[in-house]
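# Geometric and topological summary
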Number of protein chains: 2
Amino acid sequence: MKRARRLSLIGIGPIGASIIKLAHNRKYQWIGAVDIDPQKRGKDLGQVAGLKRKLGVQVESSLERVLQQKPDLVIHSTVSSLEKAYPQIMECVHAGVDVISTTEELAYPYQRHNELAKRLDQQAKKNNVTVLGTGVNPGFLMDLLPLTLTGPCWEVRHLLVERRIDADLRRGPFQHKIGAGLSVVEFNQTISVGGGHVGLLESLYMVAAGLGITIDHIEESIEPMIAAAPFNGRLIAVDKGKVLGLRQSAQGYSNGHEIISLSFAAFLGLENPADRIVLDGEPTIEMVIPGGIPGDPATAAMAVNSIANVLAASAGLVTMKDLPVPRAMGSWADTEVGPYEI
Amino acid sequence: MKRARRLSLIGIGPIGASIIKLAHNRKYQWIGAVDIDPQKRGKDLGQVAGLKRKLGVQVESSLERVLQQKPDLVIHSTVSSLEKAYPQIMECVHAGVDVISTTEELAYPYQRHNELAKRLDQQAKKNNVTVLGTGVNPGFLMDLLPLTLTGPCWEVRHLLVERRIDADLRRGPFQHKIGAGLSVVEFNQTISVGGGHVGLLESLYMVAAGLGITIDHIEESIEPMIAAAPFNGRLIAVDKGKVLGLRQSAQGYSNGHEIISLSFAAFLGLENPADRIVLDGEPTIEMVIPGGIPGDPATAAMAVNSIANVLAASAGLVTMKDLPVPRAMGSWADTEVGPYEI
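Described below are features of the structure shown in this document. As the structure is a computational prediction, the values presented were derived from the model and not from experiment.

All right, on to the overall build of chain A then. In terms of helices and strands, chain A carries 11 helices and 15 strands. Taking the principal axes of its C-alpha atoms as reference, chain A extends roughly 55 × 50 × 40 Å. In chain A, the proportion of contacts linking residues at least 24 apart, taken out of those at least 6 apart, comes to 72%. About 13,600 Å² of surface is accessible on chain A, with carbon and sulfur atoms providing 48% of the total. Computed over 34 positive and 36 negative side-chain charges, the inter-centroid distance for chain A is 8 Å.

What follows is about the interface of chain B and chain A. The interface is formed by 59 residues belonging to chain B together with 59 residues belonging to chain A. Taken together, both faces of the contact between chain B and chain A bury some 4,600 Å²; the carbon and sulfur share is 69%. Linking chain B to chain A there are 0 salt bridges. One can count 15 residue pairs in polar contact (both at pLDDT 80 or more) joining chain B with chain A. Contributions of two or more residues to the side of chain B that touches chain A are made by helix 1 (14–25), helix 6 (144–149), strand 7 (155–166), helix 9 (200–211), strand 14 (285–290) and helix 10 (296–305) of chain B. For the side of chain B that touches chain A, the class distribution of residues is 38 nonpolar, 12 polar and 9 charged.

Residue and element names in this part refer to chain B. Taken as a whole and assessed by the stated rule, the structure comprises 24 salt bridges over all chains. Note that E202 and R112 form a salt bridge whose closest N and O atoms lie 2.7 Å from each other. You can see E202 sitting in helix 9 and its partner R112 sitting in the loop between strand 5 (98–101) and helix 5 (114–126), a full 90 residues away along the chain. Given a relative accessible area of 38%, R112 falls into the partly exposed group. A salt bridge links E115 to K118; the shortest N-O distance between them is 3.9 Å. Pair noted here: E115 and K118 are both in helix 5, with a separation of 3 residues, about one helical turn.

Time to look at the side chain of B:D296. All names here are of chain B. Looking at where D296 falls in the secondary structure, it is placed in helix 10. With relative accessibility at 16%, the residue D296 sits in the buried group. In contact with D296, other than residues within four places in its own chain, are I15, R170 and R171.

In the structure shown here, the tally under the stated rule is 2 aromatic pairs over all chains. With a centroid separation of 5.0 Å and an interplanar angle of 65°, the aromatic rings of A:Y108 and A:Y110 are classed as edge-to-face. The class for A:Y110 is partly exposed, based on a relative accessible area of 26%. Just above the ring of B:F174 sits the side chain of B:R170; from NZ or CZ to the centre is 4.0 Å.

Below, the discussion takes up helix 1 of chain B. All names here are of chain B. Taking 1.5 Å of rise per residue, the 12 residues of helix 1 would be expected to cover 16 Å, and the 17 Å separating its terminal C-alpha atoms lies within 8% of that figure. Among the 12 residues in helix 1, 11 count as buried, and that is most of the element. Buried residues of helix 1: I15, G16, A17, S18, I19, I20, K21, L22, A23, H24 and N25, and no others. Packing partners of the buried residues in helix 1 comprise strand 1 (6–10), strand 2 (29–34), helix 2 (45–49), strand 4 (73–76) and helix 10. Phi for K27, located one or two positions after helix 1, is positive at around 75°.

With that settled, the discussion passes to the pairing of strand 6 (residues 130–133) of chain A. Residue and element names in this part refer to chain A. Along strand 6, one buried face is formed by T130 and L132 and the opposite face, lined by V131 and G133, is buried too. With 3 bridges connecting them, strand 5 (residues 98–101) and strand 6 associate as parallel partners. Across the sheet, V99 pairs through a bridge with V131, a residue of strand 6. One ladder, built from 3 bridges, connects strand 6 with strand 15 (residues 316–318); its direction is parallel. Residue pairing for strand 15: T130 is matched across the bridge by G316.

Residues and elements named next belong to chain A. As paired elements, strand 7 (residues 155–166) and strand 13 (residues 274–282) share 9 bridges and run antiparallel to each other. Across the sheet, the residue bridging to V161 is I277, located in strand 13. Strand direction decides the pairing type here: strand 13 and strand 14 (residues 285–290), joined by 6 bridges, are antiparallel. Pairing of A274 across the sheet is with P290, part of strand 14. What sits between the antiparallel neighbours strand 13 and strand 14 is a turn of 2 residues.

So, how was this worked out
- Residues numbered from 1 in each chain as written.
- Chains lettered and ligands numbered in written order.
- Predicted model: local features only at pLDDT ≥ 70, side-chain atom pairs only at ≥ 80, totals over all residues.
- Heavy atoms only, no water.
- Helix = DSSP H or I, 4+ residues; strand = E, 2+ residues; numbered from the N terminus.
- Contact = heavy atoms within 4.5 Å.
- Areas by Shrake-Rupley, 256 points an atom, 1.4 Å probe, with all protein chains shown as cover.
- Lys, Arg positive; Asp, Glu negative; His and termini not counted.
- Charge placed at Lys NZ, Arg CZ, Asp CG, Glu CD.
- Buried area = accessible area lost by both parts, 1.4 Å probe.
- Salt bridge = Lys/Arg side-chain N within 4 Å of Asp/Glu carboxyl O.
- Polar contact = N/O pair within 3.5 Å; in protein donor to acceptor, adjacent residues only side chain to side chain.
- Nonpolar A, V, L, I, M, F, W, Y, C, P; charged D, E, K, R; others polar.
- Buried < 20%, exposed > 50% of the residue type's maximum accessible area, 1.4 Å probe, protein only.
- Phe/Tyr/Trp six-rings, centres within 6.5 Å; stacked < 30°, edge-to-face > 60°.
- Lys NZ or Arg CZ within 6 Å of the ring centre and 35° of its normal.
- Expected span 1.5 Å × (residues − 1).
- Pairing = 2+ DSSP bridges.

Following this line, the structure appears as structure tokens:
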């Protein structure tokens, strides 16, 4: 019998906690974890993640000590910004450990952070490790899934990907991220300048690269969805004229034609939430997932379900389009399945 | 500039002809082709495929001569049965040439033809070539696509995959394959015993293997869809009481529970054709492609769109779950796009 793969975790936020549970369910062995929150330090990993049992692993403050234990793979779940995540990921690479990260900007970093991407790839190859950025979005819904749908196609003329989320069903930090409850002025001062969903550009460029298209021009927009009437939400109430959430979009152009359009809408009370792909081509394919796929737990699943692929992959920086599809492998196993939290 | 990859083709039926066109559009170079039909021999490949131009390649009767030209990859499109296709594929393997085949039973051959699969894998590794079976079904709709949808899942309790085809929109040979126009007695004597759609078991076992499930029991069914009233089709008319087409299904059980159910319905006048996946799990995901994805041209696309992945893959027998997703790469290129035939 093969020994269980040994994992360590960087960052125990809500997604990190989900990752602990799911990987434990999947029979991976946690051997270390690090977090900047002093309140988590010294506590047992099972306790911090809300598991019923202790895992016999204490949360550390030092990444160096965690890496000295030589885990088979590190899952990294701290920030969206690759610039901020870069030193943490590079420390793992230099320690010779494979990395799966939920940092959104790592999902396809060659455009926004080409220099960092090149250095990561170079160092990963030099240290014979694999580095992957993944998540449900970016990493699946707006990039891997539409690319998968092009497999049976002769031609793709245009790709539209829509994600429509009823934010009222999501947890507080998500509602905060999309500006729910803010005034329009506050929204414009905070969310419009670097807030909201991170990943549209990463998805757009992954799709373009996957299809061999050169994008010569992009357009991006972000705007508040304003309450036309008072809205009484599950977690917060929003007055008329205040912000319910947002609409974001990114369009990619090649030779003057729009060829990729990504549309992300998330606000309180959004009706008919869904994930939807319209591929205009030969053949034209419309795909709908009514209700859509919930976010945070799905990102945890993408990270854990990618472990086998990353351990088997060649060295270097890779993206979801470079690996076999991740699968809910072993989900039938006799495990203590944790609660699935939206 | 890299030289174009050089391809050869075994079998120029309707799918083979589509493969010639699409690969030509994608700037691959055809250097050889073989077919058993004496009427095709000596003719130009472009002419046989219905292209507007000649390709300067004559259809051969000898596979040996085609392989002596050392193509980079052979696309094989002759029969559904792996036993029949095996000698042809093995000849390519021994010649040291990568193979992509549309032979349905090769899509996941480890169950129905475990011995042949083992020998193919062994010889492929020995000769440093990759062998892949692919197509739209099996190879995509009922295996790769549902596996892809498990990526964001914590748990999968049950997978239902439905393919519903209005056979009236399909070409004659397809209508023939599903028994359209036969009497019930004729259907039972021909289609019920080895006719109909080939690939349900291959898809079922690929999904099971992809999810790490051991299937201990399967059930299969095939039954005619009988006309309750006369049906006047696009190509044929069917009297009341005669066969419009069929329904086929396969269910896989593990530990006494049904966990995978594949349902294939194809008959004249079927309403609301669609491809549909219902994944009961955490989360539960329903995915619908209204209208469904047309068959034969999509199989040609899967074969051509897999070329880059197969050329880059490790040696051995592989299936769609082992490779990155195929993509309609280069479909924006400045090419003469052939007609997309249903």
